Amino acid sequence: DPEILILGGIDKGADFSVLIDTIKHQGNIKTVIIMGEIRHKLAQIFNSAGLDTHIEVTDSQELRPIVELAKSFANPGDVVLLSPGCASFDMFKDFYDRGDQFRDIVNSL
């Protein structure tokens, strides 16, 4: 199924080359929404890699507008995947808080 991927958080020096290769070859990821402190760095990395997937950078510090943005790109049957790949301390208490907020927002839609 087509996917909208939400990722980002705090830059901890991770190597994103495997993620970029996966997105390039996956074929079903139609939009990547980048959030958090690392958002501009990731956008540069993705653009430099020639990623043809739509990249959306959000400055929102709250998850609800980010999930609503993902919903705006989604069609019936699409998957919205929260897979940040980064620490969450810039926007959330911890990764439990991040997951709980995501679940609560999705369930309220």
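Everything below is about the structure shown above.
This structure is a prediction, so every number in the text was calculated from the model and none was measured.

A. Structural view of the nonpolar core. If you look at the biggest cluster of nonpolar residues, it comprises 15 residues, and the most contacted ones within it are Ile23, Val32, Ile34, Leu42 and Phe46. Elements that contribute at least two residues to this core include exactly strand S1 (3-8), helix H1 (17-26), strand S2 (29-35) and helix H2 (39-48). Setting aside residues no more than four positions away along its own chain, leucine 42 makes contact with Leu7, Gly8, Phe16 and Ile34. Counting residues in each nonpolar core, the second largest holds 13 residues, with Ile33, Leu63, Ala70 and Leu82 among its members.

B. Inspection of the sheet that holds strand S3 (residues 54-57) at higher detail. The strand order across the open sheet built from 4 strands is S3-S2-S1-S4, with neighbouring strands paired in parallel fashion. For this open sheet the edge positions go to S3 and strand S4 (79-82), each flanked by a neighbour on one side alone. The mean inter-strand angle of the sheet, taken between neighbouring strand axes irrespective of direction, is 20°. As paired elements, S1 and S4 share 4 bridges and run parallel to each other. Residue pairing for S4: isoleucine 6 is matched across the bridge by leucine 82.

C. Expanded view of helix H4 (residues 95-108). Helix length check: H4, at 14 residues, gives a terminal C-alpha distance of 20 Å against a target of 20 Å (1.5 Å per residue), a fit within 8%. Turning to H4, its buried residues are Asp97, Arg98, Phe102 and Ile105. Along the long axis of H4, the arc covered by the buried residues comes to 130°, so they all point the same way. Exposed positions of H4 whose direction lies more than 90 degrees from the buried face are Tyr96 and Asn107. Against the buried residues of H4 lie S1, helix H3 (63-73) and S4. Its side-chain oxygen 3.1 Å from the backbone nitrogen of tyrosine 96, aspartate 94 forms the N-cap of H4.

D. Main features of the pattern of salt bridges. For the coordinates displayed, the defined rule picks out 5 salt bridges. With a closest N to O distance of 2.5 Å, aspartate 78 and lysine 30 form a salt bridge. Taken together, the positions of aspartate 78 in the loop between H3 and S4 and lysine 30 in strand S2 put the pair 48 residues apart, joining distant regions of the chain. You can call aspartate 78 buried: its relative accessible area is 17%. Between glutamate 68 and arginine 64 there is a salt bridge, with its nearest N and O atoms 3.9 Å apart. Of this pair, glutamate 68 and arginine 64 both sit in helix H3, separated by 4 residues, roughly a single helical turn.

E. Representation of H2 within the structure. For H2, the complete set of buried residues consists of Arg39, Leu42, Ala43 and Phe46. Axial view of H2: buried residues confined to an arc of 105°, hence all on one face. More than 90 degrees from the buried face of H2, the exposed residues found are Gln44 and Ser48. Contacts made by the buried residues of H2 are with S1, H1, S2 and S3. Immediately downstream of H2, the backbone of glycine 50 shows phi near 70°, a positive value.

Definitions and cut-offs
- Residues numbered from 1 in each chain as written.
- Predicted model: local features only at pLDDT ≥ 70, side-chain atom pairs only at ≥ 80, totals over all residues.
- Heavy atoms only, no water.
- Core = buried A, V, L, I, M, F, W, Y, C linked by side-chain atoms within 4.5 Å.
- Buried < 20%, exposed > 50% of the residue type's maximum accessible area, 1.4 Å probe, protein only.
- Helix = DSSP H or I, 4+ residues; strand = E, 2+ residues; numbered from the N terminus.
- Contact = heavy atoms within 4.5 Å.
- Pairing = 2+ DSSP bridges.
- Axes fitted to C-alpha atoms, helices over the stretch in contact; angles between N-to-C directions.
- Expected span 1.5 Å × (residues − 1).
- Arc of directions from axis to C-beta.
- Polar contact = N/O pair within 3.5 Å; in protein donor to acceptor, adjacent residues only side chain to side chain.
- Salt bridge = Lys/Arg side-chain N within 4 Å of Asp/Glu carboxyl O.

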